[in-house]
Amino acid sequence: RKEVEQDPGPFNVPEGATVAFNCTYSNSASQSFFWYRQDCRKEPKLLMSVYSSGNEDGRFTAQLNRASQYISLLIRDSKLSDSATYLCVVTLTDSWGKLQFGAGTQVVVTP
Amino acid sequence: ETGVTQTPRHLVMGMTNKKSLKCEQHLGHNAMYWYKQSAKKPLELMFVYSLEERVENNSVPSRFSPECPNSSHLFLHLHTLQPEDSALYLCASSQDTSGGETQYFGPGTRLLVL
């Protein structure tokens, strides 16, 4: 079983619509959670951390469900510039900063 | 700009060649990482350095040899690679290795092994 699993997509989203997708993780000891964004042929960049109480950053909302071991990302009012691959990332404590990456969910926002 | 640079950006090499990838971070971080990203696969952690000391070697073949001469520079020396080693090699840095720190990635070196 993969440690971090994501639906690869693509999620084709009309501009202005809302899109949401999940990521599941296998290790219940996972401690920190992040969403990174990777544009085509570019490096990953941190989009947002995910906190236990859920958090929002502009049009982006992240949720954590420890009981079911998944995190989610919701994008409201999608922009063309939101087209990217969204990487789910989890870490364990005492793991020398080791990030466990999912393979990514591709989002394509269309005009 | 992320403050992490990598050279070269693209590299084509034969299986008998020796080459080195270079990474430099201008963020004052204490931890540096090498990752491999193959098509449609998750990023794979290769090596972790904390304060110039290697703290993790993630079962990487010996044909990949890292070097960290100081906290700002990281190298990946390559020799006798295989075609399946063709991938995007990403360097990253973070303030430390506590696990909750954001990692900042360089633009990567796209490697093709013929």
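Analysis parameters
Residues numbered from 1 in each chain as written. Chains lettered and ligands numbered in written order. Predicted model: local features only at pLDDT ≥ 70, side-chain atom pairs only at ≥ 80, totals over all residues. Heavy atoms only, no water. Helix = DSSP H or I, 4+ residues; strand = E, 2+ residues; numbered from the N terminus. Buried < 20%, exposed > 50% of the residue type's maximum accessible area, 1.4 Å probe, protein only. Contact = heavy atoms within 4.5 Å. Areas by Shrake-Rupley, 256 points an atom, 1.4 Å probe, with all protein chains shown as cover. Rg over C-alpha atoms; globule rule 2.2 N^0.38 Å. Lys, Arg positive; Asp, Glu negative; His and termini not counted. Charge placed at Lys NZ, Arg CZ, Asp CG, Glu CD. Pairing = 2+ DSSP bridges. Axes fitted to C-alpha atoms, helices over the stretch in contact; angles between N-to-C directions. 1 Å grid on protein atoms, 1.4 Å probe; cavity = no way out; pocket = protein on both sides within 12 Å on 5 of 7 lines; lining within 4 Å. Points joined across faces, edges and corners; volume = space filled by probe spheres on them. Nonpolar A, V, L, I, M, F, W, Y, C, P; charged D, E, K, R; others polar. Polar contact = N/O pair within 3.5 Å; in protein donor to acceptor, adjacent residues only side chain to side chain.

## Remarks on the overall build of chain A
Helices and strands together make up the secondary structure of chain A, namely zero helices and 11 strands. Taken from N to C terminus, the helices and strands of chain A fall in the order β-β-β-β-β-β-β-β-β-β-β. By the burial criterion, 45% of the 111 residues in chain A qualify as buried. Counting contacts in chain A only where the partners sit at least 6 residues apart, residues at least 24 apart contribute 57% of the total. When the accessible surface of chain A is totalled, it reaches about 5400 Å², and 47% of it is carbon and sulfur.

## Remarks on the overall build of chain B
Summing up its helical and strand segments, chain B has zero helices and 11 strands in all. For chain B, the α and β elements follow one another from N to C terminus as β-β-β-β-β-β-β-β-β-β-β. On C-alpha atoms alone, chain B measures out to a radius of gyration of 13 Å, which is about the 13 Å that the 2.2 N^0.38 rule sets for 114 residues. Along the three orthogonal principal directions, the C-alpha set of chain B runs to about 35 × 25 × 25 Å. When burial is assessed residue by residue, chain B has 50% of its 114 residues classed as buried. Summing over all exposed atoms, chain B offers an accessible surface of approximately 5300 Å²; the carbon and sulfur share of this is 48%. Between the centroid of the 10 positive side chains of chain B and the centroid of its 11 negative side chains there is a distance of 12 Å.

## What to know about the sheet that holds strand β8 (residues 73-79) of chain B
Residue and element names in this part refer to chain B. The antiparallel open sheet is built from four strands, whose spatial order is β1-β3-β8-β7. Each end of this open sheet is capped by a strand with a single partner; those strands are β1 (4-7) and β7 (64-70). For this sheet the average axis-to-axis angle between neighbouring strands, irrespective of direction, equals 20°. Pairing of β7 with β8, which is carried by five bridges, proceeds in the antiparallel orientation. Paired with serine 65 across the two strands is histidine 77, which belongs to β8.

## Quick look at empty space enclosed by the protein
All names here are of chain A. Following the criterion strictly, the structure yields one cavity of 30 Å³ or more and no others. Its boundaries defined by the atoms lining it, the largest cavity holds a volume of some 40 Å³. Taken together, Glu3, Tyr25, Ser26, Asn27, Ser30, Val90, Leu92 and Gln100 make up the full set of residues lining the largest cavity. Split into classes, the residues belonging to the lining of the largest cavity amount to three nonpolar, four polar and one charged.

## Regarding the side chain of aspartate 85 of chain B
Residue and element names in this part refer to chain B. Inspection of the secondary structure puts aspartate 85 in the loop between β8 and β9 (87-94). With relative accessibility at 3%, the residue aspartate 85 sits in the buried group. Looking at aspartate 85, its side chain comes within polar contact range of the side chain of arginine 63, at 2.7 Å. Among residues more than four places away in sequence, those in contact with aspartate 85 are Lys36, Arg63, Phe64, Leu111 and Val113.

## Regarding the layout of surface pockets
Quantified by volume, the largest pocket comes out at close to 780 Å³. Considering the residues around the largest pocket, the lining is formed by 31 residues, among which Gln38, Thr85 and Ala103 of chain A together with Gln37 and Lys40 of chain B are closest to the centre. Mapped by element, the contributors of at least two residues to the lining of the largest pocket are β1 (4-6), β9 (84-92) and β11 (105-110) of chain A together with β9 and β11 (109-113) of chain B. Of the residues assigned to the lining of the largest pocket, the class counts are 13 nonpolar, 10 polar and eight charged. As a volume, the second largest pocket reaches approximately 400 Å³. The wall of the second largest pocket is formed by 23 residues, among which Pro42, Leu43, Glu44, Leu45 and Asn58 of chain B lie closest to the centre. Where the lining of the second largest pocket is concerned, the elements lending two or more residues are β10 (99-101) of chain A together with β5 (44-50) of chain B.

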